[in-house]
Amino acid sequence: MKSKFSRPSEITITKRNTTTLKNLAGLGVKITSDNGGAVAGSQIIILAVKPYQVTEVINSFKSELTARHILVSVVTGVLIKDLETSVGKKIPVFRAMPNTAIAIQESMTCLSFSNAAATQISFITKLFSTLGKVAVINENLMDAATVLGACGTAYAMRYIRANIQGGIEIGFDAATASLIAAQTVKGAAELLLENGSHPEQEIDKVTTPKGCTIAGLNEMEHRGFSSSLIKGISTSYNKIIKG
Ligand SMILES: NC(=O)c1ccc[n+]([C@@H]2O[C@H](COP(=O)([O-])OP(=O)(O)OC[C@H]3O[C@@H](n4cnc5c(N)ncnc54)[C@H](OP(=O)(O)O)[C@@H]3O)[C@@H](O)[C@H]2O)c1
């Protein structure tokens with residue numbers, strides 16, 4: 001709605017308890033608990049429920065599915081082939097793995113799909129592109145995408161929190177340290193996205209020989225900085241794939 005990709009009247013949101021959606025109803029979005037009715041009047045269905053709710057929710061609308069429908073699931077860990085089995089009809093099925101920055105149109109969303117035509121792939125890619133950046137990936141990388149893209153938000157928050165704590169130790173109040181830490185990380189990420197550069201190229205620009213940056217960076221590495229992040233990422237990944 002913010003990006004004008006869709007008008008409020010084109011969107012229907014369903015949940016069992018609709019009282020929490022009153023503000024959206026006020027903006028003109030259709031609100032209902034009737035999944036079947038919502039699907040009957042729609043073309044693109046975004047399934048955003050907990051994994052254990054998927055079968056029940058698909059069963060509540062599958063009799064309404066026709067050849068015009070496209071199913072997009074953001075549900076973690078439910079495979080396209082399992083969604084296809086639950087649906088029981090040959091319709092395009094997408095899996096999307098966004099992250100919580102979708103709330104401010106800054107998500108990193110990984111997409112995979114099955115049985116989709118080029119125009120459908122382009123439409124769903126555009127939809128998520130209005131909500132951040134999109135990478136189309138093979139479905140067998142979806143667990144890895146969950147770790148790097150969705151858990152990655154939490155990792156970045158811990159990195160920023162550590163900067164805030166360090167910033168307070170060297171003299172800033174918490175609010176100023178938070179602002180400096182968050183904006184510095186945002187700017188660093190934007191440099192990579194806009195310049196298409198490698199992190200080490202950007203590091204070279206701020207490391208003076210015998211200077212304070214390289215001294216601090218090397219101390220972080222001696223204490224296992226990169227190694228601890230890589231081990232954390234592989235631990236999250238192993239937890240997803242082994243359960
Ligand atoms: N949070 C993330 O960063 C993230 C990222 C990527 C993917 N995901 C995935 O996104 C999915 C949703 O996550 P979430 O954190 O948003 O979960 P959530 O807050 O529990 O949202 C699930 C929603 O489904 C509704 N619902 C449950 N049963 C329903 C039914 N029978 N009919 C209609 N609506 C129903 C619930 O509302 P009622 O109880 O009122 O019905 C609730 O609003 C999960 O599978 C998660 O793995 C999350």
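For the structure itself, look to the data block above.
Residues numbered from 1 in each chain as written. Predicted model: local features only at pLDDT ≥ 70, side-chain atom pairs only at ≥ 80, totals over all residues. Heavy atoms only, no water.

Novice: Outline the sheet that holds strand β7 (residues 132-136), listing residues and values.
Specialist: Strands sit in the order β3-β4-β5-β6-β7 across an open sheet of five strands; the sheet is mixed. The open sheet is flanked by β3 (44-47) and β7, the only strands paired with a single partner. On average, each strand axis in the sheet is inclined to that of its neighbour by 25 degrees, with strand direction left out of account. When β3 meets strand β4 (residues 70-73), the two strands line up parallel, connected through four bridges. Looking at β4, one finds that I44 is bridged to I70. Where helix α4 (residues 80-87) meets the sheet, its contacts fall on β3, β4, β5 (93-97) and β6 (107-114), and the angle it forms with β5 comes to roughly 135 degrees. (Pairing = 2+ DSSP bridges. Helix = DSSP H or I, 4+ residues; strand = E, 2+ residues; numbered from the N terminus. Axes fitted to C-alpha atoms, helices over the stretch in contact; angles between N-to-C directions. Contact = heavy atoms within 4.5 Å.)

Novice: Before we move on, can you summarise helix α3 (residues 54-61) with the specific residues and values?
Specialist: In an α-helix there are 3.6 residues to a turn, and that puts residues three or four apart on one side. Those residues of α3 lying buried are V54, V57, I58 and F61. Burial along α3 is one-sided: seen end-on, the buried residues are contained in an arc of 100 degrees. In this structure, the buried residues of α3 make contact with α2 (35-40), β3, β4 and α4. (Buried < 20%, exposed > 50% of the residue type's maximum accessible area, 1.4 Å probe, protein only. Arc of directions from axis to C-beta.)

Novice: With reference to specific residues and values, describe the site of the ligand.
Specialist: Lining the immediate surroundings of the ligand are 18 residues, of which K15, R16, N17, V49 and T76 lie closest. Backbone polar atom of N17 to an oxygen atom of the ligand: 3.0 Å apart, as the coordinates give it. K50 is positioned such that a nitrogen or oxygen atom in its side chain is 3.2 Å from an oxygen atom of the ligand. Alone, the ligand offers 900 Å² of accessible surface; in the complex the protein occludes 69% of this. Residues belonging to the shell around the ligand are distributed by class as follows: eight nonpolar, six polar and four charged. (Near = heavy atom within 4 Å. Polar contact = N/O pair within 3.5 Å; in protein donor to acceptor, adjacent residues only side chain to side chain. Areas by Shrake-Rupley, 256 points an atom, 1.4 Å probe, with all protein chains shown as cover. Nonpolar A, V, L, I, M, F, W, Y, C, P; charged D, E, K, R; others polar.)

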